Amino acid sequence: MFVDFSQPQRQSAAGILINGAYVVQHVVRAMFIPLVLFIVKANKMAILYTAFGFIAILVLAFLYGYFYYLKFTFYLNPLKQEFVIDKGVFSRKHLTIPLEKIQQVNINQGFLQKLIGVYSLQIDTAGTDSKEVDIRAINGETAQALKQHLLHGQTVTTITENEITIPAAPVQDVPLIKIKTATLFKIGLTSNYGQSFALLTAFGYAAFHNIKELLKALDNDNGQVEQFVKSGFTLFSIGILVAAIAVLLLATNVIRTFVKYFDFQLSKHRQSLLISAGLLTKKNTLLHPNKVQITEYSQNYLQKKIGLFHMSLKQAHAGRQQSEKEMKNNNTEIPGCSTTEKDELLRMILGRLPEGGSTFKPNWRFLNLPIVFFVLLPILIYFVFYYFFSEVRPYYPLAAIYTIIVLLMTYISYTKHRITVSENYIIKQSGIWDISQEIIEPHKIQSISTSQYLWHKKLDIGHVTLYTAAGSISFSYGNFTEIKTLVNYWLYQVEGGNEEWM
Amino acid sequence: MQPFTNETIDLNTLPKYEETPLTKPDRKYWKIIIINLCIFLAFVAIGLGLLILFNENARNHWLLWLSIFVAFAVFLYLISHVSFKRRGFALREKDILYKSGVLAEKTTIIPLNRIQHVALNEGVFSRMFGLGTLQIYTASGSSGEIHIAGIKIEQAKVIRESLVQRLTINTKAENE
């Protein structure tokens, strides 16, 4: 199907509804708790007014949605190879995106969009906020056509640059990686404990806080929540609590994995990788292998037993500082794949499997700083408290356990920290539980920095950091003479070669 | 050094970044550092003066506070001096490097073909002394950047021009 994008056009008319709903959603989200409190406390008259107010907001929101729809146009300028968006009701915004700067085109379908049967389309570029370029309502066919135009329109003029991989490969729609439900269940049980734990903690805290707020609002707060929590802490119940948290953690993990990665499919589509996944909202991502800056795969003890890898493809986020979350969004995650699938994918992205090379390990002084800051200092503080306050004395077994665990973790991280260098690849291994291998190609290096503490000059120990457009890789406490030789070699590769980093 | 599997290049004949002679920042830049330091210390002194004036407890120990202040000033002066002495940069044919650091000596190297853009900053005091700060950006975000302070403005402009010209040549080659 051919759609002409060279004329300015609006999104699908359903956009009015979507835009309006979007505004309502924002307003409701911002005012949810005050609104609930108000309704609980207020009399009938006030509720009536609130209802009127709510209707007014609804009308205004959809009116805004209508104008937003009218003012939002987009088109593709085939001459300049640019995608142009004009938008804004009160303040106008004119966005021009050169096609060659486009990294990813995402087509999503949220709940409301699923009901109406439209999609949203977001464009990721190096240097702009992806929220800026968000076409919220577009029908499926147009979205697919536009995506093709955005990603492949550029190849018409600059064929030589973007198609180094395999020229004119037949279109394959057989998925390269397809994750079955059983595998997904296994993935949920074995990975991402840290993230889920953080989520649970945050949720637990929020629940605690909100219940308290509600009780306070109803003038009933006599510290029941604290009482309830406190009564839970007998020695016996702690055991149950730990078990319950573990079960809850695994359950959260499995649910999260299912929501995010249900029906995960990765297929090769011309020169790009097409990834789709999601239970409630299906997320489609298209990415160019040569725009990947860092390829990472990792495995923990349990995953090793069942032969699964976690992979993450990190793409450029050029030009400006990004928050941790945005960095994460730029990463394409493959939650689980077997050894053969992993190798296949590595071959697609890097051209061949990285093999051989010389390995460099850190000096034992790697251990010093972590031990001082995470073991000696806390223990010293504990001893000071031990001396002055008798309340903390019964907790000495905890202190001992902490010391042993942290020492062990530090030692493991020391034994795992290493860098392997060959002509075409640099592989950094690190980790404590999840052991990850980050692979970069020398021509993706943006800049290099070396550093050395003054007291390490005689010992010939130093550190090196390689910066890429998708984050950095560092190797610490290595032999500085070796590091300097490596740096000179990498500089030679980057400056002597003509390969583009993107 | 462990042997590489790559025999075509003798690693020892590669140009060594660590042996590149570095250009020190301009001497006048030391004056700017001192001015900035004095301004900062003046603010601290005013705060301390007010504390001694209005707080009885502090007034009784004014000698102690004064000696802490002097020690702090001397400490900052020494740190600034060491930091100034250790700075240096070099523009090579194919990259630019910058060295700095007090406790840890850090050298950052940016290959010229990876530069995204170059900015030249002139502060109020810098302008009085005819100096500027050269900022060199890459696609790796703020952590991999170089800021070279205290270069003579004419020299900085020349460096910027040469870097920018290389840039346009590079992008032109890309577009063709």
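What you see is a predicted model, and the numbers here were worked out from it, not measured in a lab.

A. Spotlight on the overall build of chain B. Helix and strand content of chain B: 5 helices and 6 strands. Put simply, chain B runs from its N terminus to its C terminus through helices and strands in the order α-α-α-β-β-β-β-α-β-β-α. Across chain B, contacts joining residues at least 24 apart in sequence account for 47% of those joining residues at least 6 apart.

B. Up close: the overall build of chain A. Of the regular secondary structure elements, chain A holds 15 helices and 21 strands. Counting over 502 residues, chain A shows a buried share of 29%. Sequence separation of at least 24 residues holds for 62% of the intrachain contacts in chain A that already meet a minimum separation of 6.

C. Structural view of the environment of L151 of chain A. All names here are of chain A. Locating L151 in the fold gives a position in helix 4 (residues 140-157). The sequence separation of L151 and H288 amounts to 137 residues, and the corresponding C-alpha distance is 9.0 Å. With near-sequence residues (within four places) excluded, L151 lies in contact with I102, V105, S272 and L286.

D. Structural detail: the domain arrangement of chain B. Residue and element names in this part refer to chain B. Per the domain assignment, the segments of chain B are domain 1 (28-83) and domain 2 (88-175). The distance between the C-alpha centroids of domain 1 and domain 2 comes to 33 Å. When contributions to the side of domain 1 that touches domain 2 are tallied by element, the ones reaching two or more residues are helix 1 (28-54) and helix 3 (62-86).

E. A look at the packing of helix 1 of chain B against helix 3 of chain B. Residues and elements named next belong to chain B. Helix 3 packs onto helix 1 with a crossing angle of 165 degrees between their chain directions and a minimal axis gap of 11 Å. Taken together, the axis directions place helix 1 and helix 3 in an arrangement best described as roughly antiparallel. Regarding helix 1 and helix 3, the two cross each other, and that crossing is right-handed. Where helix 1 approaches helix 3, its residues W30, I33, L37, L41, A45, L48 and I52 are matched on the opposing element by W62, W65, F69, A73, L76, Y77, S80 and F84.

F. Representation of the environment of F197 of chain A. All names here are of chain A. Looking at the secondary structure, you find F197 in helix 7 (residues 193-217). Here F197 falls in the partly exposed class, since 15 other C-beta atoms lie within 10 Å of it. Between the C-alpha atom of F197 and that of E499, which follows or precedes it by 302 residues, the distance is 42 Å.

G. How the structure looks around the interface of chain B and chain A. Across the contact, 33 residues belong to chain B and 32 residues belong to chain A. Tallying contributions element by element places strand 3 (residues 104-111) of chain B first for the side of chain B that touches chain A, with 8 residues. Its residues assigned to classes, the side of chain B that touches chain A comprises 12 nonpolar, 14 polar and 7 charged. Alignment of strand 19 (residues 447-453) of chain A against strand 3 of chain B, held across 6 bridges, turns out to be antiparallel. Directly across from Y453 of chain A, in strand 3 of chain B, lies its bridge partner A104 of chain B.

H. Region of interest: helix 13 (residues 368-388) of chain A. In this model, helix 13 of chain A (21 residues) spans 29 Å end to end at C-alpha, consistent with the 30 Å of a helix rising 1.5 Å per residue. Its axis deflected by about 30 degrees at L376 of chain A, helix 13 of chain A carries its strongest bend there, up to four residues before the proline P378 of chain A.

I. Geometry of unusual backbone geometry. A positive phi angle is found at D263 of chain A, which is not glycine, with a value near 60 degrees. On the basis of neighbour count, D263 of chain A is assigned to the partly exposed category, with 15 C-beta atoms found within 10 Å.

J. Up close: the packing of helix 13 of chain A against helix 14 (residues 396-416) of chain A. All names here are of chain A. One way to put it is that helix 13 packs onto helix 14 with a least axis distance of 10 Å and a crossing angle of 175 degrees. Judged by the inter-axis angle, helix 13 sits roughly antiparallel to helix 14. In this structure, helix 13 contributes P370, I371, F374, V375, I379 and Y382 to the contact, and helix 14 contributes A399, T403, V406, L407 and T410.

K. Representation of the domain arrangement of chain A within the structure. All names here are of chain A. Per the domain assignment, the segments making up chain A are domain 1 (9-162), domain 2 (182-261), domain 3 (265-362 + 417-496) and domain 4 (365-405). Each partner contributes residues to the interface: domain 2 has 10 residues there, and domain 3 has 12 residues. The greatest single-element share of the side of domain 2 that touches domain 3, amounting to 5 residues, is contributed by helix 9 (residues 235-261). Its residues placed into classes, the side of domain 2 that touches domain 3 shows 4 nonpolar, 4 polar and 2 charged.

L. Representation of the pairing of strand 2 (residues 73-77) of chain A in the model. All names here are of chain A. Side chains F74 and L76 project from strand 2 onto a buried face, and the interleaved T73, Y75 and N77 project onto a face without burial. As paired strands, strand 2 and strand 3 (residues 82-87) are joined by 5 bridges and run antiparallel to one another. Note that in strand 3 the partner of T73 across the bridge is D86. Taking the residues between adjacent antiparallel strands as the criterion, strand 2 and strand 3 are bridged by 4 residues, where Q81 takes a positive phi near 55 degrees.

M. Representation of the sheet that holds strand 3 of chain A within the structure. With respect to topology, 4 strands assemble into an open sheet ordered 1-2-3-4 (chain A), the strand pairing being antiparallel. A single partner strand is all that each edge strand has here, and the edge strands are strand 1 (9-10) and strand 4 (93-98) of chain A.

N. Geometry of the sheet that holds strand 3 of chain B. Strand order in the open sheet made by the 6 strands is 21(A)-20(A)-19(A)-3(B)-2(B)-1(B), with antiparallel pairing throughout. For this open sheet the edge positions go to strand 21 (471-479) of chain A together with strand 1 (88-91) of chain B, each flanked by a neighbour on one side alone. Neighbouring strand axes in the sheet, compared pairwise and without regard to direction, differ in orientation by 15 degrees on average. Bridge count for strand 2 (residues 95-100) of chain B against strand 3 of chain B is 6 bridges, and the pairing is antiparallel. Opposite Y98 of chain B, over in strand 3 of chain B, you have T108 of chain B as the bridge partner.

O. Spatial organisation of the confidence of the model for chain A. All names here are of chain A. Taken residue by residue, chain A gives an average pLDDT of 80. The fraction at 70 or more is 86%. Model confidence for chain A, summarised as mean pLDDT per element, is weakest for helix 5 (residues 159-162) at 34 and strongest for strand 17 (residues 426-430) at 94. Predicted confidence for residues 154-172 stays below pLDDT 50, and this span has 17 contacts to residues more than four positions away or in other chains. Here residues 318-325 is a poorly scored stretch, pLDDT under 50, and it has 14 contacts once near neighbours within four places are set aside; other chains count.

P. Expanded view of helix 6 (residues 181-190) of chain A. Of all the positions in helix 6 of chain A, only L184, K186, I187, G188 and T190 of chain A are classed as buried. Two residues or fewer past helix 6 of chain A, N192 of chain A is found with a positive phi of approximately 60 degrees.

Q. Summary view of the confidence of the model for chain B. This prediction gives chain B a mean pLDDT of 84; 89% of its residues lie at or above 70. Under the prediction, the complex receives an ipTM of 0.85, its pTM being 0.71.

R. Representation of the pairing of strand 13 (residues 309-315) of chain A in the model. Residue and element names in this part refer to chain A. Summarising burial for strand 13: 6 of the 7 residues are buried, a large majority. Two elements, strand 12 (residues 292-299) and strand 13, share 6 bridges in a ladder whose sense is antiparallel. Across the sheet, the residue bridging to S298 is H310, located in strand 13.

What counts and how
- Residues numbered from 1 in each chain as written.
- Chains lettered and ligands numbered in written order.
- Predicted model: local features only at pLDDT ≥ 70, side-chain atom pairs only at ≥ 80, totals over all residues.
- Helix = DSSP H or I, 4+ residues; strand = E, 2+ residues; numbered from the N terminus.
- Contact = placed C-beta atoms within 7 Å.
- Buried ≥ 20, exposed ≤ 12 C-beta atoms within 10 Å, placed from the backbone.
- Domains from an automatic or database assignment.
- Axes fitted to C-alpha atoms, helices over the stretch in contact; angles between N-to-C directions.
- Parallel < 35°, antiparallel > 145°, perpendicular 65-115°, else oblique.
- Left-handed = near helix turned anticlockwise from the far one by under 90°.
- Nonpolar A, V, L, I, M, F, W, Y, C, P; charged D, E, K, R; others polar.
- Pairing = 2+ DSSP bridges.
- Expected span 1.5 Å × (residues − 1).
- Bend = angle between axes of the 7 residues up to and from the residue.
- pLDDT = per-residue confidence, 0-100.

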